[in-house]
Amino acid sequence: MMASNYREFDFEGHIEENLISSGYHKCNPSDYDKELCLITSELIHFIKATQQATFRQLEKQYGDQTSQKLVDRISKEISKRGTLDVLRKGVIDRGAKFKLAYFKPASGMNPEHLEFYRNNRFSIVRQLKYSKRNENSVDIVLFLNGLPIITAELKNSLTGQFVEEAKKQYQRDRLPQGEPFLAFKRCLVHFAVGNEEAFMTTHLQGDKTRFFPFNKDTINPENPNGHKTAYLWEDIWQPDLLLELIHNYLHFKTIPEK
């Protein structure tokens, strides 16, 4: 049961609290590098925790500039290849190959790989100001090992705002021109989320942006424990399921216009 004065800010906080209890780290908007479109501290933490020997190999060439050179390289590779491809195939810099994510091993026969898998770092940022040109912010952004993977604009029907407003916000204000963060294939998916319905898109194109329903049925069933859209953060955005989706199920397909 939600109080009648439940605001959008409270909606954000509810989702954040749920995800942090599931293993996410809370990061601040100031942690985000607008130039590189990364949380570099999360990225370097993950690499040093899982690939220390490879990092040291690169240090022999870059010295004390290794971290900066590596994040620069990763950002450029994402711009060229897209986040999904980089997460799956990694990045090579001067002969040193780095994984950007570890996926669940098929068996428990390799305990070291399982430990690396557990070192994946999911983080959440609220009110991320992503632009160097304006003060626009996204309600919630989810990161995997410092790479942005999901954005979400939230609307709370109890304050008279509905999911259609979130969709319009993306179409009107989240324009990819000149904004690397919003470029196609940088973030894997963008969600418009209300208390009752959710929609998603993978390609922001201004007023041509097409949103698709991401609901359990034509109409989401009642949830006796809270929001009808709680399956998003309680199931879909959980670390294990997200990693499985990224590894095995997400695909980008370009359909030429007729």
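This structure is a prediction, so every number in the text was calculated from the model and none was measured. (Residues numbered from 1 in each chain as written. Predicted model: local features only at pLDDT ≥ 70, side-chain atom pairs only at ≥ 80, totals over all residues. Heavy atoms only, no water.)

**Student:** Just give me the short version of the side chain of Asn195, but keep the residues and values in it.
**Tutor:** When you line up the elements, Asn195 lands in the loop between strand 7 (189-193) and strand 8 (198-201). Overall, the relative accessible area of 5% leaves Asn195 in the buried class. A distance of 3.1 Å separates a polar atom in the side chain of Asn195 from a polar atom in the side chain of His227. (Helix = DSSP H or I, 4+ residues; strand = E, 2+ residues; numbered from the N terminus. Buried < 20%, exposed > 50% of the residue type's maximum accessible area, 1.4 Å probe, protein only. Polar contact = N/O pair within 3.5 Å; in protein donor to acceptor, adjacent residues only side chain to side chain.)

**Student:** I'd love a proper account of the pattern of salt bridges, names of residues and values included.
**Tutor:** Applying the stated criterion to the full structure yields 16 salt bridges. Residue Glu12 pairs with Arg126 through a salt bridge whose shortest N-O separation is 3.0 Å. One end of the pair, Glu12, is in helix 1 (residues 8-21); the other, Arg126, is in strand 4 (residues 122-129), with 114 residues separating them in the sequence. As far as burial versus exposure is concerned, Glu12 and Arg126 are alike and both buried. Where Glu222 meets Lys228, a salt bridge forms, and the shortest distance between an N and an O atom there is 3.3 Å. Among the ionic contacts, a cluster of salt bridges with common partners joins Arg73, Glu77, Lys80, Arg81, Asp85 and Lys89. (Salt bridge = Lys/Arg side-chain N within 4 Å of Asp/Glu carboxyl O.)

**Student:** Describe the sheet that holds strand 1 (residues 25-26), with residues and values.
**Tutor:** Strand order in the open sheet made by the seven strands is 1-4-5-6-7-8-9, with mixed pairing throughout. In this open sheet, the two edge strands, each paired with only one partner strand, are strand 1 and strand 9 (212-213). In the sheet, strand 8 pairs with strand 9 via two bridges, with the strands oriented antiparallel. From the neighbouring strand, Met200 faces strand 9, where its bridge partner is Phe212. The sheet strands contacting helix 7 (residues 163-173) are strand 6 (147-154), strand 7 and strand 8, and the helix crosses strand 7 at an angle near 145 degrees. (Pairing = 2+ DSSP bridges. Contact = heavy atoms within 4.5 Å. Axes fitted to C-alpha atoms, helices over the stretch in contact; angles between N-to-C directions.)

**Student:** Mind laying out the packing of aromatic side chains, listing which residues take part and the relevant values?
**Tutor:** When we look at a pair of aromatic rings, we describe it by the centre distance and by the angle of the planes. With the rule as written, the count across this model stands at ten aromatic pairs. Ring centres 5.4 Å apart and planes at 50 degrees place the aromatic pair Tyr24 and Phe122 in the tilted group. Here Phe122 lies in strand 4 and Tyr24 lies in the loop between helix 1 and strand 1, a separation of 98 residues in the sequence. Judged by its relative accessible area of 3%, Phe122 falls in the buried class. The ring of Phe199 has Lys167 sitting right over it, with the charged end atom 3.9 Å from the ring centre. (Phe/Tyr/Trp six-rings, centres within 6.5 Å; stacked < 30°, edge-to-face > 60°. Lys NZ or Arg CZ within 6 Å of the ring centre and 35° of its normal.)

**Student:** I'd like a description of unusual backbone geometry, backed by residues and values.
**Tutor:** Residue Arg94 is not a glycine yet carries a positive backbone phi of 50 degrees. Positionally, Arg94 belongs in the loop between strand 2 (91-93) and strand 3 (96-98). For Asn145, which is not glycine, the phi dihedral falls at a positive 50 degrees.

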